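Analysis of the macromolecular model
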There are 2 protein chains.
Amino acid sequence: VLTSNLADPGLDVLEAAARIRSARMADAGAVLAHLEQLCKPPGSLGMLEQLALRLALIYGDPPRPLQNRLVVVLAADHGVAAQGVSAYPQEVTRQMCATCAAGKAAINVIASVCGAEVLLVDVGVIGDEIREVLTRRVRAGSRNLAVEPALTRDEVVHAIRIGMDIVRERAGSVDVFALGEMGIGNTTAAAALTAVFTGAPAEAVTGTGTGISSATLKLKQEVIRQAVARVGLTADPLHVLAHVGGIEIAALVGVVLGAAVAGRAVVTDGFIATAASLTAVRIAPTARDYLFASHRSTEPGHCVQLEALGLEPLMSLGLRLGEGTGAALALPIIDSAGALLREMATFEDAGVSGKLI
Amino acid sequence: VLTSNLADPGLDVLEAAARIRSARMADAGAVLAHLEQLCKPPGSLGMLEQLALRLALIYGDPPRPLQNRLVVVLAADHGVAAQGVSAYPQEVTRQMCATCAAGKAAINVIASVCGAEVLLVDVGVIGDEIREVLTRRVRAGSRNLAVEPALTRDEVVHAIRIGMDIVRERAGSVDVFALGEMGIGNTTAAAALTAVFTGAPAEAVTGTGTGISSATLKLKQEVIRQAVARVGLTADPLHVLAHVGGIEIAALVGVVLGAAVAGRAVVTDGFIATAASLTAVRIAPTARDYLFASHRSTEPGHCVQLEALGLEPLMSLGLRLGEGTGAALALPIIDSAGALLREMATFEDAGVSGKLI
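Residues numbered from 1 in each chain as written. Chains lettered and ligands numbered in written order. Predicted model: local features only at pLDDT ≥ 70, side-chain atom pairs only at ≥ 80, totals over all residues. Heavy atoms only, no water.

Quick word on the overall build of chain A
The condition that has to hold: Secondary structure follows DSSP: runs of H or I at least 4 residues long count as helices, runs of E at least 2 residues long count as strands, and numbering of each begins at the N terminus. With the radius of gyration taken over C-alpha atoms, the globule rule is written as 2.2 Å times the number of residues to the power 0.38. For this analysis, residues touch if any pair of their heavy atoms sits within 4.5 Å. Under the convention used here, a 1.4 Å probe and the Shrake-Rupley method define accessible areas, while residue burial counts only the protein chains that appear. Neither His nor the chain termini are counted; the positive set is Lys and Arg, and the negative set is Asp and Glu. Charged side chains are reduced to one point each, which is NZ for Lys, CZ for Arg, CG for Asp and CD for Glu.
Within chain A, the regular secondary structure consists of 15 helices and 6 strands. Here chain A has a C-alpha radius of gyration of 20 Å; the compact-globule value for 357 residues is 21 Å, and the two agree. Taking contacts inside chain A between residues at least 6 apart in sequence as the whole, the part at least 24 apart equals 76%. When the accessible surface of chain A is summed, it comes to about 12,200 Å², and 52% of that surface belongs to carbon and sulfur atoms. The averaged location of the 35 negative side-chain charges in chain A is 1 Å from the averaged location of its 29 positive side-chain charges.

Okay, here's the thing in structure tokens:
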């Protein structure tokens, strides 16, 4: 039972996370044998074969078509923007939400070509409610993590629950989820989370985000270094999220956990989405079974995250936009991998000389 | 006027190739300015922005939707298979064609997920005609390039014309073409072509193909080294194709040239398709404007080809199957890039603070 009013806020989330099962809807050995029987040289489909195996473990062999694809784009503001760590003013978060609601942001365009729906949720943008955007605000932006914890533990748990609820409400009609975000200042939070969870130094995980000067980059690194130091030594991912996270990042953690609970594949995007994915896997290691990498972004910390997660990206397109753009592009590739197990002939079906000379 | 009965067989092909125009349906500076105005940090869509520019040069700005996508899979046998250079017996070419005709080869499955039609054409498979496959045979397999030229100049030109004709017949209803092939033994021909056109040594461009032992790899390298030596010094790509090419490779050259003539983007696949693409660009350098790389295969010579063409692949999936599988996977990505110019808001549309702080 979920128990949301205990002494420790977050216990219900942690309990739900603890119940996430490893993906074992198929026997890995049997799936590998199936892949070997498919009418092609062994291993010749490379990473598609690994994707097919992972999808079979999640959905059974053969995996279902990933026909209903949902990109969950979570938006919130960041108090740390006041430090001047971004190339854009904070009101851009709100303007980008309006553009996305009008169907004219990059993620709308790419999702449309890649057969995915976009669900934009405002979990903490500053200002009046934005028209035609689902509003589930935790608070009006996070606090400035350069001077105080960005969120309280209650706020973190609230945001995670929003993400989990979105997935639970949609999992019946959605085959695969993809992560997206909007939030000026959020590469700073993502870098701090990555530094804490991987032990990498601030310089190794701090990039130029939307495009800042080298002087601003130095400032950003210093902000991150100090924030990480204030987190202290802890094994509690919720504590880390509260200190240096963000509202949309915490909600994305909930989307990953929710997808794992529901037994759905979830595709991570760039640096911010993958900071959330890493946090989710620190909360619930078995959630990794449901996570798929999409692309390798130009943010230096993205490689650090992907390595920590043991995930290999499918594309290297030099993207650094976020919004779920890379995740959406990966959906047809991942779906193709599962389709191989569903539709390809075996050597026996095809009467092909499968034996090597 | 095409003049197909001249003293030099191939003069008509060379004349058509010479008339291929650079892709200039838009002004590059204007397209770059348009990309800068889109509602995103400058350059944040990385390679998608380069793809968008190239599509605009081919189709105009904004580029048309790449809705009708055709993977042209060309199949033929190779006499060099008699040398034991492949892991599979020659009859597998025929069996794979039947599997593809039945819609159950990897390319059928992937193309279906990626919204592409597959057109399989038998341009030189050995044995009786294969049911439900378009038959345009030049001859029953190429000759053994280990001991004699694989094709005559007439046969090469015939195969190129077949490829060009396929594209001309379909270009009215097809927005983008993708290259695919089937042919046991064809990595040997592709490696020899690559060695001749790039000057790379045989060892650098010879891989394990469908999966051969290290002893067979040595034999394959020796076959390629000797065949390349017999080609001699020449500036005539048709001569090279005749000596060490293959029927389906020559026909793919025709598909590339035909796409360029028709002003359509054409997406190359792995090692064999890219050997054909490289040959096409040696015949008609302007054809490169219409060529797009898709993935980076595990065949070592594929990198050499892509570098010679100056094309950057979008994915690194460890594929080594051919059939057009990587090219088909790239189609939604390339289409997404063009859609950005068509559908994304500009900073002005969106009322977004486009000025950096």
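The structure having been displayed, the exposition proceeds.
A few points about the pairing of strand 2 (residues 116–124) of chain B
Residue and element names in this part refer to chain B. Spelled out, the test is: The classification of residues rests on relative accessible area computed with a 1.4 Å probe and restricted to protein chains. Under 20% of the type maximum is buried, over 50% is exposed, and intermediate values are partly exposed. The pairing criterion for strands is at least two bridges between them, as found by DSSP.
Where burial is concerned, most of strand 2 is hidden: 7 out of the 9 residues are buried. The pairing of strand 1 (residues 69–76) with strand 2 spans 8 bridges and is classified as parallel. For valine 71, the partnering residue across the bridge sits in strand 2 and is valine 118.

Some points on the interface of chain B and chain A
Quick note on the threshold: When two components associate, each loses some accessible surface as probed by a 1.4 Å sphere; the sum of these losses over both components is called the buried area. What makes a salt bridge here is a side-chain nitrogen of Lys or Arg within 4 Å of a carboxyl oxygen of Asp or Glu, nothing more. Within 3.5 Å is the distance limit for a polar contact, defined as a pair of N or O atoms, with the added protein rule that one can donate a hydrogen and the other accept it, and that residues adjacent in sequence qualify only through two side-chain atoms.
Counting residues at the interface gives 57 residues for chain B and 56 residues for chain A. Of the roughly 4,600 Å² buried between chain B and chain A, counting both surfaces, carbon and sulfur atoms make up 66%. At the surface where chain B touches chain A, the tally comes to 0 salt bridges. Counting across the chain B and chain A interface gives 10 residue pairs in polar contact (both at pLDDT 80 or more).

Section: the confidence of the model for chain A
In low-pLDDT segments, the atomic positions of the prediction should not be examined closely. Residues and elements named next belong to chain A. Quick reminder of the rule: Scored from 0 to 100, pLDDT reflects the predictor's confidence in each residue.
When pLDDT is averaged along chain A, the result is 95; 97% of the residues meet or exceed 70. Taking the mean pLDDT of every element in chain A, the minimum, 88, falls on helix 15 (residues 347–350) and the maximum, 99, on strand 5 (residues 265–267). Across residues 1–5, confidence stays below pLDDT 50; counting only partners more than four residues off in sequence or on other chains, it has 8 contacts. Here the predicted complex carries an ipTM of 0.96, next to a pTM of 0.96.

Considerations on helix 9 (residues 214–231) of chain A
Residue and element names in this part refer to chain A. The condition that has to hold: Each residue after the first adds 1.5 Å to the expected span of a helix. Each direction from the helix axis to a C-beta atom contributes to the arc, which is the arc of those directions.
Here helix 9 is 18 residues long and its end C-alpha atoms lie 26 Å apart, about the 26 Å a rise of 1.5 Å per residue gives. For helix 9, every residue scored as buried is listed here: Thr216, Leu217, Lys220, Gln221, Val223, Ile224, Ala227 and Val231. Down the axis of helix 9, the sector holding all buried residues measures 165°, keeping them to one side. Among the exposed residues of helix 9, those pointing more than 90 degrees away from its buried face are Ser214, Ala215, Lys218 and Ala229. Its buried side turned inward, helix 9 meets helix 7 (186–198), helix 8 (202–205) and helix 10 (237–244). Once helix 9 finishes, glycine 232 follows within two positions and takes phi at roughly 75°, a positive value.

Points about the packing of aromatic side chains
Rules: Ring pairs are drawn from Phe, Tyr and Trp, using the six-membered ring of Trp, whenever the two centres fall within 6.5 Å, and their geometry is named by plane angle: stacked under 30 degrees, edge-to-face over 60, tilted for the rest. Only when the NZ atom of a Lys or the CZ atom of an Arg is both within 6 Å of the ring centre and within 35 degrees of the ring normal do we say a charge sits over the ring.
Here the structure, examined in full by the defined rule, presents 0 aromatic pairs over all chains. Cation over ring: Arg54(A) sits above Phe292(A), and NZ or CZ is 4.3 Å from the ring centre.

Thoughts on unusual backbone geometry
At the junction of Asp61(A) and Pro62(A), the peptide bond is cis and its omega measures out at 0° in the coordinates. Relative to the helices and strands, Pro62(A) is located in the loop between helix 3 (46–59) and strand 1 (69–76). Positioned with a positive phi, Glu132(B) is a non-glycine residue whose angle comes to about 60°. Phi at Glu323(B) takes a positive value of approximately 70°, unusual for a residue other than glycine. Using a relative accessible area of 4% as the deciding quantity, one classes Glu323(B) as buried.

Re the packing of helix 10 (residues 237–244) of chain B against helix 12 (residues 271–283) of chain B
All names here are of chain B. Where we set the bar: Axes, fitted as lines to C-alpha atoms, cover a helix only where it is in contact. Angles between the N-to-C directions of the axes lie from 0 to 180 degrees. Comment on the angle field: the value is read as roughly parallel under 35 degrees, roughly antiparallel over 145, roughly perpendicular from 65 to 115, and oblique elsewhere.
Their axes nearest at 9 Å, the elements helix 10 and helix 12 cross at an angle of 150°. In terms of their interaxial angle, helix 10 and helix 12 are classed as roughly antiparallel. For the pair helix 10 and helix 12, the contacting residues are Pro237, Leu238 and Leu241 in the first and Thr279, Arg282 and Ile283 in the second.

What about the sheet that holds strand 5 (residues 265–267) of chain B?
All names here are of chain B. Overall, parallel pairing links the 6 strands, which are arranged 3-2-1-4-5-6 in an open sheet. Since the sheet does not close on itself, it has two edges, and those belong to strand 3 (134–135) and strand 6 (291–292), each with one partner. Sitting on the sheet, helix 11 (residues 247–262) is in contact with strand 1, strand 2, strand 4 (176–182), strand 5 and strand 6, with an inclination near 155° to strand 1.

Let's talk about the sheet that holds strand 3 (residues 134–135) of chain A
Pairing between sheet strands relies on hydrogen bonds along the backbone, with the strands arranged either parallel or antiparallel. All names here are of chain A. As summarised here, the arrangement of the 6 strands in space is 3-2-1-4-5-6, forming an open sheet in which the pairing is parallel. The strands lining the two open edges of the sheet, one partner per strand, are strand 3 and strand 6 (291–292). In this sheet, strand 4 (residues 176–182) lies alongside strand 1 in parallel orientation, the contact comprising 7 bridges. Bridge assignment links leucine 70 to a residue of strand 4, and that residue is phenylalanine 177.

Quick notes on the relation of the copies chain B and chain A
The condition is simple: Superposing copies: least-squares fit, C-alpha atoms only, residues required to have pLDDT of at least 70 in both.
For the match of chain B to chain A, the screw axis carries a shift of 0.0 Å, the RMSD comes to 0.0 Å, and the turn is 180°. In symmetry terms, the pair is related by a two-fold rotation axis. When C-alpha distances to the rotation axis are compared across chain B, the minimum falls at Met315(B), with a value of 2.2 Å. Counting the interface residues of chain B, we find that 98% of their copies in chain A are interface residues as well, pointing to one common contact surface.

Thoughts on the state of the cysteines
For clarity, the threshold we go by: Here, a disulfide means two cysteine sulfur atoms that sit within 2.5 Å of each other.
Scanning the model with the defined rule gives 0 disulfides over all chains in all. Residue Cys39(A) stays outside any disulfide, its sulfur separated by 11 Å from that of Cys100(B), the closest cysteine. What makes Cys39(A) buried here is its relative accessible area of 1%. The cysteine Cys100(B) is free of any disulfide, with Cys97(B) supplying the nearest cysteine sulfur at 7.1 Å. The class of Cys100(B) is buried, set by a relative accessible area of 4%.

Considerations on the packing of helix 9 (residues 214–231) of chain B against helix 10 of chain B
Residues and elements named next belong to chain B. Stated formally: Each crossing gets its hand from how the near helix is turned against the far one by less than a right angle, where anticlockwise is left-handed and clockwise is right-handed. Charged residues are taken to be Asp, Glu, Lys and Arg, nonpolar residues to be Ala, Val, Leu, Ile, Met, Phe, Trp, Tyr, Cys and Pro, and polar residues to be all remaining types, Gly included.
Where helix 9 meets helix 10, the closest approach of the two axes is 10 Å, and the angle between their N-to-C directions is 145°. Read as a crossing pair, helix 9 and helix 10 show a hand that is right-handed. Of helix 10, the residues touching helix 9 (which contributes Ala227, Arg230 and Val231) are His239, Val240, His243 and Val244. Tallied by class, residues from the contact of helix 9 with helix 10 come to 4 nonpolar, 2 polar and 1 charged.

Considering the pattern of salt bridges
Close approach of charged atoms allows side chains of opposite charge to pair. Enumeration according to the criterion identifies 28 salt bridges over all chains in this entry. Asp175(A) is paired through a salt bridge with Arg64(A); the nearest N and O atoms lie 2.8 Å apart. Taken as a pair, Asp175(A) in the loop between helix 6 (153–170) and strand 4 and Arg64(A) in the loop between helix 3 and strand 1 lie far apart in primary sequence, 111 residues in all. Residue Arg64(A) is classed as partly exposed on the basis of its relative accessible area, which comes to 32%. The partner of Glu222(B) in a salt bridge is Arg225(B), with the nearest N and O atoms 2.7 Å apart. Of this pair, Glu222(B) and Arg225(B) both sit in helix 9, 3 residues apart, roughly one helical turn. Relative accessible area serves as the criterion here: at 35%, Arg225(B) is assigned to the partly exposed category. By sharing partners, the salt bridges in this structure join Arg139(A), Arg143(A) and Glu155(A) into a single network.

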